[in-house]
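Here is how the chains run, residue by residue.
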Amino acid sequence: MNNPQEQLENLKEIRSILERSSRFISLSGLIGIVVGIIAIFGVIGAYLYLGIGVTQPGYYNLALTENGDLNRSVFIFLVSIFILVLLVSLFAASFLTIKKAKEQNEPIWDTAAKRLVINLLVPLATGGIFCIILLYHGYVALVAPTTLIFYGLGLVNASKYTISDIRNLGIWQLCIGLVSSFFLDYGLLFWALGFGLIHIVYGVILYLKYDK
């Protein structure tokens with residue numbers, strides 16, 4: 001009969017197998033670091049294009065004409081920056097995830113990964129559509145906090161299918177988004193804080209915790 005130590009080891013192994021089958025654990029902390037850096041460069045690019053200082057209030061007014069309509073050139077640039085940041089981030093996240101999964105001999109696209117993506121995309125897609133509605137009605141200033149809030153909801157929603165630290169990251173994004181909704185003049189700075197600095201900090205934490 002197995003001794004208590006062997007039984008404990010067996011239970012740990014069974015728990016590990018169950019966790020791997022229900023959670024996607026191939027996320028790399030480097031993803032947060034890379035995405036955070038990309039987001040900060042995106043915000044810097046936006047400020048340089050708008051030609052304003054980081055503390056200048058009413059930056060979002062530059063995205064509107066005197067009649068209250070969207071300034072097409074500014075709108076196209078900001079959307080282009082957002083799409084570029086999103087695409088580069090997705091490419092970096094996919095590359096690093098696949099790389100880590102191969103190193104750990106883990107499946108890249110299993111049931112847990114599918115559930116993770118679905119639970120993340122539903123709030124993100126909803127938030128994206130809501131942002132389009134805000135732009136349609138001219139509420140440009142609310143777009144930055146809205147993206148943070150829905151992104152945070154997406155992370156919290158998807159966290160049950162990956163490492164638990166993602167839930168804390170989502171809560172931070174929610175809090176930053178809610179606070180930024182009271183300080184609309186500094187939406188881009190809060191965007192850099194949430195998508196940039198917080199991602200980098202959590203990326204370092206996750207790297208030291210899981211990748212080392």
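Scroll up to find the structure this text is about.
Treat the numbers as computed from the prediction; the structure is a model and nothing was measured.

Engineer: What should I look at first to understand the overall build of the chain in this one?
Structural biologist: Across its full length, the chain carries 7 helices and 0 strands. Each helix and strand of the chain, ordered N terminal to C terminal, gives the series α-α-α-α-α-α-α. Buried positions account for 39% of the 212 residues belonging to the chain. In the chain, the share of contacts with a sequence separation of at least 24, taken over all contacts with a separation of at least 6, comes to 76%. For the chain, the exposed area adds up to about 12,600 Å²; of that, 68% sits on carbon and sulfur atoms.

Engineer: Explain a nonpolar patch on the surface here, please?
Structural biologist: Taken together, the side chains of Phe-82, Ile-83, Leu-86, Leu-87 and Leu-90 present a nonpolar region at the surface, about 460 Å² in accessible area. Here Leu-90 shows up in helix α3 (residues 72-103).

Engineer: How should I be thinking about the environment of Thr-111 in this particular structure?
Structural biologist: Tracing the backbone shows Thr-111 in helix α4 (residues 111-136). Of the residues examined, Thr-111 reaches a relative accessible area of 47% and is grouped as partly exposed. Through-space distance from the C-alpha of Thr-111 to that of Tyr-161 is 9.6 Å; in sequence the pair is 50 residues apart.

Engineer: Even after reading the chapter, I still don't get the packing of α4 against helix α5 (residues 143-158), so can you show me in this structure?
Structural biologist: When two helices pack together, you describe them by how their axes are tilted relative to each other and by the distance separating the axes. Across the interface, α4 lies against α5 with an axial gap of 8 Å and an inter-helix angle of 165°. One element, α4, and the other, α5, form an angle in the roughly antiparallel class. When you trace α4 past α5, the crossing you get is right-handed. Every residue of α5 that contacts α4 at Leu-116, Asn-119, Leu-120, Pro-123, Leu-124, Thr-126, Gly-127, Phe-130, Cys-131, Leu-134 and Leu-135 is listed here: Val-143, Thr-146, Thr-147, Phe-150, Tyr-151, Leu-153, Gly-154, Leu-155, Asn-157 and Ala-158. Here the contact of α4 with α5 is built from residues that sort into 14 nonpolar, 7 polar and no charged.

Engineer: When you look at the nonpolar core in this model, what are you seeing that I'm missing?
Structural biologist: In summary, soluble globular proteins display a tendency toward joint burial of nonpolar side chains. With 25 residues, the main nonpolar core has Val-43, Leu-148, Leu-188, Trp-191 and Phe-195 as its most contacted residues. For this core, the elements supplying multiple residues, two or more each, are α2 (29-50), α3, α5, α6 (165-180) and α7 (187-211). No other element matches the 8 residues that α7 contributes to this core. Ranked by size, the runner-up nonpolar core spans 5 residues in total, among them Cys-131, Leu-134, Leu-135 and Val-143.

Engineer: How should I be thinking about the environment of Thr-146 in this particular structure?
Structural biologist: Tracing the backbone shows Thr-146 in helix α5. Look at Thr-146 and you get buried, because its relative accessible area is 9%. Taking C-alpha positions, Thr-146 is 8.9 Å from Gly-128, a pair spaced 18 residues apart along the chain. Aside from chain neighbours lying at most four places away, what touches Thr-146 is Gly-127, Phe-130, Cys-131 and Leu-134.

Engineer: Help me understand the side chain of His-199, please; the structure alone is not making it clear to me.
Structural biologist: Looking at the element boundaries, His-199 is found in helix α7. Apart from the residues lying within four places of it in its own chain, the contact partners of His-199 are Gly-32, Ile-33, Val-35, Gly-36, Tyr-151, Leu-169, Gln-173 and Gly-194.

Engineer: How do you make sense of the packing of aromatic side chains when you look at a structure like this?
Structural biologist: Think of a pair of aromatic rings as described by two things: how far the centres are apart, and how the planes are tilted against each other in angle. A full pass over the atoms with the stated rule returns 4 aromatic pairs. When the ring of Tyr-151 is compared with that of Phe-195, the centres are 5.1 Å apart and the planes differ by 40°; the resulting orientation is tilted. Here Tyr-151, found in helix α5, pairs with Phe-195, found in helix α7; they are 44 residues apart in sequence, far enough to count as distant. The same class applies to Tyr-151 and to Phe-195, which are both buried. Each residue in the set Tyr-151, Trp-191 and Phe-195 is aromatic and connected to the rest through ring pairs, giving one cluster.

About the thresholds
Residues numbered from 1 in each chain as written. Predicted model: local features only at pLDDT ≥ 70, side-chain atom pairs only at ≥ 80, totals over all residues. Heavy atoms only, no water. Helix = DSSP H or I, 4+ residues; strand = E, 2+ residues; numbered from the N terminus. Buried < 20%, exposed > 50% of the residue type's maximum accessible area, 1.4 Å probe, protein only. Contact = heavy atoms within 4.5 Å. Areas by Shrake-Rupley, 256 points an atom, 1.4 Å probe, with all protein chains shown as cover. Patch = residues over 30% accessible without salt bridge, like charges linked within 9 Å, V, L, I, M, F, W, Y side chains within 5 Å. Salt bridge = Lys/Arg side-chain N within 4 Å of Asp/Glu carboxyl O. Axes fitted to C-alpha atoms, helices over the stretch in contact; angles between N-to-C directions. Parallel < 35°, antiparallel > 145°, perpendicular 65-115°, else oblique. Left-handed = near helix turned anticlockwise from the far one by under 90°. Nonpolar A, V, L, I, M, F, W, Y, C, P; charged D, E, K, R; others polar. Core = buried A, V, L, I, M, F, W, Y, C linked by side-chain atoms within 4.5 Å. Phe/Tyr/Trp six-rings, centres within 6.5 Å; stacked < 30°, edge-to-face > 60°.

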